[in-house]
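# Structure at a glance
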Amino acid sequence: DDGARVVIADEGIGISAEQQERVFEPFYRTDDSRSRETGGYGLGLSLTKAIVDAHGGNIKLESTPGVGTTIMLWLPCEPTGSNVRAVASDEGRAS
């Protein structure tokens, strides 16, 4: 487990099982009453997942309605898989 783990938890309203399947989709918001005026574009978890995936890590969400939500991220200390090739090819480019 050579990497960095980040855990973020709250004791909020939680997220239903149906909504948990969609929270990593761009522009998806679990609360229909939220608007751009009150905050949130539905991009935070989508962008976070894209960044974590690009670094060869993983992200997981656990939530219980009425109890809260926990998001767990893991990022490797070293690039893995296809990321190693991308980093290696970028190192050969002139600045």
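Notes on the structure in this doc start here. (Residues numbered from 1 in each chain as written. Predicted model: local features only at pLDDT ≥ 70, side-chain atom pairs only at ≥ 80, totals over all residues. Heavy atoms only, no water.)

### A short note on the overall build of the protein chain
Heads up, the condition is: Labels follow the DSSP assignment, with helices taken as runs of H or I lasting at least four residues and strands as runs of E lasting at least two, numbered in each case from the N terminus. Note on exposure labels: buried denotes an accessible area under 20% of the residue type's maximum, exposed denotes more than 50%, and partly exposed covers the range between, all computed with a 1.4 Å probe on protein chains only. Should any heavy atoms of two residues lie within 4.5 Å, those residues are counted as being in contact. Values of accessible area rely on a 1.4 Å probe in the Shrake-Rupley scheme; residue burial ignores everything except the protein chains shown.
Within the protein chain, the secondary structure is distributed over 3 helices and 3 strands. Each helix (α) and strand (β) of the protein chain, taken in turn from the N terminus, gives the series β-α-α-β-β-α. Burial status across the protein chain gives 20% buried among its 95 residues. For the protein chain, the proportion of contacts with a sequence separation of at least 24, taken over those separated by at least 6, is 52%. If you sum the accessible surface of the protein chain, you get close to 6800 Å²; carbon and sulfur atoms cover 53% of it.

### What to know about the pairing of strand 2 (residues 58–64)
Threshold: Two strands qualify as a pair provided that DSSP identifies no fewer than 2 bridges between them.
Here strand 2 shows a buried face lined by I59, L61 and S63 and an unburied face lined by N58, K60, E62 and T64. Inspection of the sheet shows strand 2 paired to strand 3 (residues 68–76) by 7 bridges, in the antiparallel sense. Across the sheet, the residue bridging to I59 is L73, located in strand 3. Following strand 2, the chain reverses through 3 residues before pairing antiparallel with strand 3; G66 in that reversal takes a positive phi of roughly 85°.

### Looking at the sheet that holds strand 1 (residues 3–9)
The following threshold applies: Axes here refer to lines fitted to C-alpha atoms; in helices the fit is confined to the stretch in contact. Angles between the N-to-C directions go from 0 to 180 degrees.
Spatially, the 3 strands line up as an open sheet ordered 1-3-2, and their pairing is antiparallel. The sheet is open, and its two borders are formed by strand 1 and strand 2, each paired with just one other strand. When the angles between neighbouring strand axes are averaged without regard to direction, this sheet yields 10°. In this structure, strand 1 lies alongside strand 3, joined through 7 bridges in antiparallel fashion. By the bridge assignment, G3 is partnered in strand 3 with P76.

### Some words on the side chain of S46
Position of S46 among the secondary structure elements: in helix 2 (residues 44–54). S46 sits in the buried class, given a relative accessible area of 12%. When residues no more than four places from it in sequence are discounted, the contact partners of S46 are F24, E25 and P26.

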